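The lines below spell out each chain.
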Amino acid sequence: MDFKDQVKQLGDRVAKMLPQIQTEEATKTSLTLPFIQILGYDIFNPAEVNPEFVADLGIKKGEKVDYAIMKKSEPILLIECKHHQEKLDPHNSQLFRYFHTTKAKFGLLTNGLHYRFYTDLVEPNKMDEKPFFEFMLSEIKEAEVDELKKFHKSYFDIESIFTTASELKYSSEIKAVLSAEFKEPTEDFVRFFISKVYDGKATAKIVSQFTGIVKKSIGQLISDMINDRLKSALAKEAEAEKQRHEETAKPEEDEKVLETTAQELEGYMIVKSILRKRVNVDRIVGRDTKAYFGILLDDNNRKPLCRLWLNGTKKYLGLFDAEKNETRHEITRLDDIFSHTDQLLKSIDLYEKEEPVVQ
C-alpha cells in the first residue's frame, strides 16, 4: 500500500473510531501515533519518536511536548496533540510557548482530525500565529497528500519544506479569501468586475445589482468547470475501458461477438463515479451480455449492483432490493442514473454489512 492509500485509509477509519475515543490519551494512541507511523517513523524507538519530550522554558523547568520527531539526536518536528473534540488554538498551546526553546524548525498542532503545521516565516525562532499547511484527515485532498509526503522520513528535508512553506501559507490564505468572496462577494470585489464589464458609473444601485450577477456567474463558472472535468475524466476512462475490452475479447467461432457500446461504457463510468464514494473503483466490475450490461461488486455474480438495459427502444436502469429482485427504472438519458444515487449506494452498504471488512 503506497503513502496516499495509507493516509486515506486512516482517514476512512477515523469516523468509525471516534465514538470509542473518550480521552486525550486515546486520541494520541488511536489517531496521532498511527499518523506518525504512516510518516515512516518507528513510534517504538525514542531515537525517532520521543514521547513527552522535555522543552524547558526559561526558569520554568519540565515543560514537555507530546512527541518530538528526532534526527541525529535533535528534534526536527514538535507535535502537540489535543482531544479530538478540542479546537486548535496555538495561543493556548504549549507548542506556541516552547517552539523557540528547541532546534526544531517545524511544529504540528493536532486533535487527530485537524492537522496544522507551523514554522517561523514571520520572525526567526518564533512560531507563526498562522499555520503554513493544514488539512482535515477525513477530507484530505490529493494536493495535500503530496505536501504531507514531504514530512515522510524518506523525503524529509528542512530546507526544501521551508522554501515551499511561504508559498503554501499565502496560497492557503488566498484560497480562503476567494472562498469567502465566492460565497458573499464584498463591494470591492464586485466593483472590480464592474470596472471590467460596465461602462457607466458604479452607483450604489449598480453595485447592488451586480452583486447578485457576480455571485451567480461564479456559481455557474464553477459548475461548468466541474462538469467539464468530469466529462473529460469519464471520456478517458471509457476509452481505456473500451481498449481493455478489445484486448481481452476472445470471440467464439459459433457465437456472435458481444459489442459493448459507447453508451454502455459511459453508463458504466457514471455508476463507478457514484459508487467510488463507498468502495475502491477496482472492486466495481462490468460484464456485458447480449441483453444487458451488468455491474457487479468484486466481479461476483452473487453481488449484482445494477444492470444497464440500453439496447432497446426504451432504456432502463435495473436496480436490486435486499432480496436481489430487480426493478427496472426507465431513463431517457444517461445522466438520469445520478437520480438513483442513494439506491446504488445502499446496494454497496448491503453487501458490506453481509461481509464486514476485517481491519
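In this report, the structure presented in the accompanying data block is examined.

Here is what the cut-offs are and how they apply
Counting from 1, residues in each chain are numbered in the order their sequence is written. Given that the model is predicted, a residue must reach a pLDDT of at least 70 before its local features are reported, and side-chain atom pairs must reach 80 or more before they are shown or counted; all residues, however, enter totals for whole chains, interfaces and linings. The side-chain quantities take in all heavy atoms of the structure and omit both hydrogens and water. One bridge is not enough; two strands pair if DSSP finds at least two bridges between them. A run of H or I in DSSP becomes a helix once it reaches four residues, and a run of E becomes a strand once it reaches two; helices and strands are each numbered from the N terminus. As a rule, the C-alpha atoms of each element are fitted with a line to give its axis, helices using only the stretch in contact, and angles between N-to-C directions run from 0 to 180 degrees. The contact rule is simple, with two residues in contact once any of their heavy atoms fall within 4.5 Å. Think of it in three bands: with a 1.4 Å probe and only protein chains considered, a residue is buried below 20% of the maximum accessible area for its type, exposed above 50%, and partly exposed in between. By the criterion applied in these results, polar contacts are pairs of N or O atoms within 3.5 Å in which, for protein atoms, one can donate a hydrogen and the other can accept it, and in which residues neighboring in sequence qualify only through two side-chain atoms. The salt bridge definition used is simple: a Lys or Arg side-chain nitrogen within 4 Å of an Asp or Glu carboxyl oxygen. Nine residue types can take part in a nonpolar core, namely buried Ala, Val, Leu, Ile, Met, Phe, Trp, Tyr and Cys, and a core is a set of them joined through side-chain atoms within 4.5 Å.

**So, the sheet that holds strand E10 (residues 315-320)**
Item 1. Read across the sheet, five strands follow the order E7-E8-E9-E10-E11 without closing on themselves; strand pairing throughout is antiparallel. Both edges of this open sheet fall to strand E7 (284-288) and strand E11 (326-331), since each of them pairs with a single strand only. For this sheet, the mean angle separating the axes of adjacent strands, direction not counted, is 20°.
Item 2. Where strand E9 (residues 304-309) and E10 come together, four bridges link them in antiparallel fashion. Residue pairing for E10: tryptophan 309 is matched across the bridge by tyrosine 316.
Item 3. On the sheet, helix H8 (residues 262-275) packs against E7, strand E8 (293-297), E9 and E10 and is oriented at approximately 160° with respect to E7.

**Some remarks on the side chain of lysine 28**
Item 1. Position of lysine 28 relative to the elements: it lies in helix H2 (residues 24-38).
Item 2. Of the residues examined, lysine 28 reaches a relative accessible area of 5% and is grouped as buried.
Item 3. A distance of 3.1 Å separates the side chain of lysine 28 from the side chain of glutamate 25, its partner in a polar contact.
Item 4. There is a polar contact of 3.0 Å between the side chain of lysine 28 and the side chain of aspartate 66.
Item 5. What lysine 28 contacts, discounting residues up to four positions off in sequence, is Leu33, Pro34, Glu52, Asp66, Tyr67 and Cys81.

**Examining the pattern of salt bridges**
Item 1. Under the defined criterion, the tally for this structure stands at 23 salt bridges.
Item 2. A salt bridge links arginine 278 to aspartate 349; its shortest N-O distance comes to 2.9 Å. Of this pair, arginine 278 sits in the loop between H8 and E7 while aspartate 349 sits in helix H9 (residues 341-354), and the two are 71 residues apart along the sequence.
Item 3. One network of salt bridges, in which partners are shared, links Glu24, Glu25, Lys28 and Asp66.

**Things to note about the nonpolar core**
Nonpolar side chains in soluble globular proteins tend to end up buried together.
Item 1. Core analysis: the biggest nonpolar cluster contains 37 residues, and Ile36, Phe117, Phe132, Phe135, Leu148 and Phe151 have the highest contact counts within it.
Item 2. Not counting residues within four places of it along the chain, the set of residues in contact with phenylalanine 117 comprises Gly107, Leu108, Pro131, Phe132, Phe133, Phe135, Leu148 and Phe151.

**A word on the side chain of threonine 119**
Item 1. Position of threonine 119 among the secondary structure elements: in the loop between strand E5 (114-118) and strand E6 (133-136).
Item 2. Judged by its relative accessible area of 1%, threonine 119 falls in the buried class.
Item 3. A distance of 2.9 Å separates a polar side-chain atom of threonine 119 from the backbone oxygen of lysine 105.
Item 4. The contact partners of threonine 119, leaving out residues within four places of it in the chain, are Phe99, Lys105, Phe106, Lys126, Met127, Asp128, Phe132, Phe162 and Ala165.

**What about the pairing of E9?**
Item 1. Most of E9 sits inside the fold, with five of its six residues counted as buried.
Item 2. Two strands pair when backbone bridges link them, and E8 and E9 are joined in this way by four bridges, in the antiparallel orientation. Across the sheet, glycine 294 pairs through a bridge with arginine 307, a residue of E9.
Item 3. Here E8 folds back onto E9 in antiparallel fashion, the turn holding six residues, of which aspartate 298 has a positive phi close to 60°.
Item 4. In this antiparallel pair of consecutive strands, E9 and E10, the connection spans five residues.

**Points about the sheet that holds strand E4 (residues 106-110)**
Item 1. Strand order in the open sheet made by the six strands is E1-E2-E3-E4-E5-E6, with mixed pairing throughout. The strands lining the two open edges of the sheet, one partner per strand, are strand E1 (49-54) and E6. Here the average twist between neighbouring strands, direction ignored, is 25°.
Item 2. Relative to strand E3 (residues 74-81), strand E2 (residues 64-71) runs antiparallel, the two being bridged by five bridges. Residue tyrosine 67 lies in a different strand from E3, and its bridge partner there is isoleucine 79.

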